[in-house]
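Next come the chains, spelled out residue by residue.
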Amino acid sequence: MEDRDAHFMGEALKEAEYAMELGILPVGVVITIGDEIVARGCKNGVSPRFGHAEVVTMARAEANGHKWGRGMTIYTTLETCFMCFVTALNYQVDKIVYAMEDPFGGISSDSLAQELLPVMYRHKLPIITSGVLREESRTLLRKYFANSESEFWQNRENPLVKACFL
């Protein structure tokens, strides 16, 4: 693991901690270009379906003047879901680094059947790095699940919840 990846994942974990303070699933994201953070965020409670941390943060990067993701790295504390991955693909992000795998809803280029993608996207897949500060993210998620009143997150058979408590 590169020190750079650990540093920026540490920043994403701060965003995840903030989300947990708000009572939201603790997923945090920072987006970088080189050594500069150009956007940061967490899941918003306004739109539970579309307000995922990665999408919110990509929108902030765009609002900050970064119209395309070329040269960008997304650091996220939980593996991207299909919606966020496809958004990053469309935004043309170069790299995605994640901490904790999501066996419930995560997708990465390693698990993606590239031949199923439309031709225009097959050559644009970002580089994926996994497991950066995994235990720190797992600990945060475990704490959230243990204190959640939601039946969905209390279900120990949910693959993500299960992975956090193994």
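All residue numbers refer to position in the chain's written sequence, counted from 1. In keeping with the predicted nature of the model, local features appear solely for residues at pLDDT of at least 70, side-chain atom pairs appear and are counted solely at 80 or more, and the whole-chain, interface and lining totals rest on all residues. With hydrogens and water stripped out, all remaining heavy atoms of the structure feed into the side-chain values.

> With reference to specific residues and values, describe the overall build of the protein.
In this text, helices come from DSSP runs of H or I with a minimum length of four residues, and strands from runs of E with a minimum of two, each type numbered from the N-terminal end. Looking only at helices and strands, the protein has 7 helices and 5 strands in total. Listing the helices and strands of the protein from first to last along the sequence gives α-β-β-α-β-α-β-α-β-α-α-α. In this treatment the radius of gyration is a C-alpha quantity, and the globule benchmark scales as 2.2 Å times the residue count to the 0.38 power. For 166 residues, the compact-globule estimate of 2.2 N^0.38 gives 15 Å, and the C-alpha radius of gyration of the protein, at 15 Å, lies within 12% of that figure. Residue burial in the protein is summarised as follows: out of 166 residues, 49% are buried. Counting only contacts in the protein whose residues sit at least 6 apart along the sequence, the fraction spanning at least 24 positions is 60%. Only the protein chains shown count as cover for residues, and all accessible areas are computed by the Shrake-Rupley method using a 1.4 Å probe. As presented, the protein carries roughly 8500 Å² of accessible surface, and 53% of it is formed by carbon and sulfur atoms. For every residue, the accessible area obtained with a 1.4 Å probe (protein chains only) is divided by the maximum for its type, and the residue is called buried under 20%, exposed over 50%, and partly exposed between those limits. Here, residues are in contact when the closest pair of their heavy atoms is within 4.5 Å.

> Give a detailed account of the nonpolar core, specifying residues and quantitative values.
The nonpolar side chains of a soluble globular protein tend to be buried with one another. Among the nonpolar cores identified, the biggest contains 47 residues, and Met9, Ile31, Ile74 and Phe145 are the most heavily contacted of them. Top contributing element to this core by residue count: helix H1 (residues 3–21), with 6 residues. Non-local contacts of Met9, meaning those with residues more than four positions away in its chain, are made with Tyr75, Thr76, Thr77, Val97, Tyr98, Ala99, Val132 and Leu133. The criterion is simple. A nonpolar core is a set of buried Ala, Val, Leu, Ile, Met, Phe, Trp, Tyr and Cys residues joined through side-chain atoms within 4.5 Å.

> Give me the lowdown on helix H5 (residues 134–147), citing residues and values where you can.
With 14 residues, H5 should cover 20 Å at 1.5 Å per step; its first-to-last C-alpha distance of 20 Å lies within 8% of that length. Buried residues of H5: Ser137, Arg138, Leu140, Leu141, Tyr144 and Phe145, and no others. Seen from one end, H5 has its buried residues packed into an arc of 165°, which puts them on one side. Where H5 is buried, its residues meet H1, strand E3 (72–78), strand E4 (95–100), helix H6 (151–154) and helix H7 (159–165). Any helix carries an expected span of 1.5 Å times its number of residues minus one. As used here, the arc belongs to the directions running from the helix axis to the C-beta atoms.

> Lay out the sheet that holds strand E5 (residues 127–130) in plain terms, naming residues and giving numbers.
A sheet is described by the order of its strands in space; here 5 strands give the open sequence E2-E1-E3-E4-E5, paired in mixed fashion. With one partner strand each, in any of the chains shown, strand E2 (36–42) and E5 form the two edges of the open sheet. Ignoring strand direction, the axes of neighbouring strands in this sheet form an average angle of 15°. Bridge count for strand E1 (residues 28–33) against E2 is 6 bridges, and the pairing is antiparallel. Bridge assignment links Ile33 to a residue of E2, and that residue is Glu36. Across the face of the sheet, H5 comes into contact with E3 and E4 while running at roughly 55° to E4. DSSP bridges decide pairing: two strands pair if at least two such bridges lie between them. Axis geometry follows a simple rule: fit a line to the C-alpha atoms, using only the stretch in contact for helices, then measure angles between N-to-C directions, giving values from 0 to 180 degrees.

> Explain the packing of helix H2 (residues 53–63) against helix H3 (residues 82–91) to me, using residue names and the numbers behind them.
For any two helices packed against each other, one specifies the inter-axial angle together with the distance between the axes. Taken N-terminus to C-terminus, the directions of H2 and H3 make an angle of 25°; their axes are 9 Å apart at the nearest point. Taken together, the axes of H2 and H3 lie roughly parallel to each other. Together, Glu54, Val55, Met58, Ala61 and Glu62 of H2 and Met83, Cys84, Thr87, Ala88 and Tyr91 of H3 make up the contact between the two elements. Side-chain classes are defined by residue name, with Ala, Val, Leu, Ile, Met, Phe, Trp, Tyr, Cys and Pro counting as nonpolar, Asp, Glu, Lys and Arg as charged, and the others, Gly among them, as polar. Here the contact of H2 with H3 is built from residues that sort into 7 nonpolar, 1 polar and 2 charged. Geometric relationships in this document are graded by angle, where less than 35 degrees denotes roughly parallel, more than 145 denotes roughly antiparallel, 65 to 115 denotes roughly perpendicular, and other angles denote oblique.

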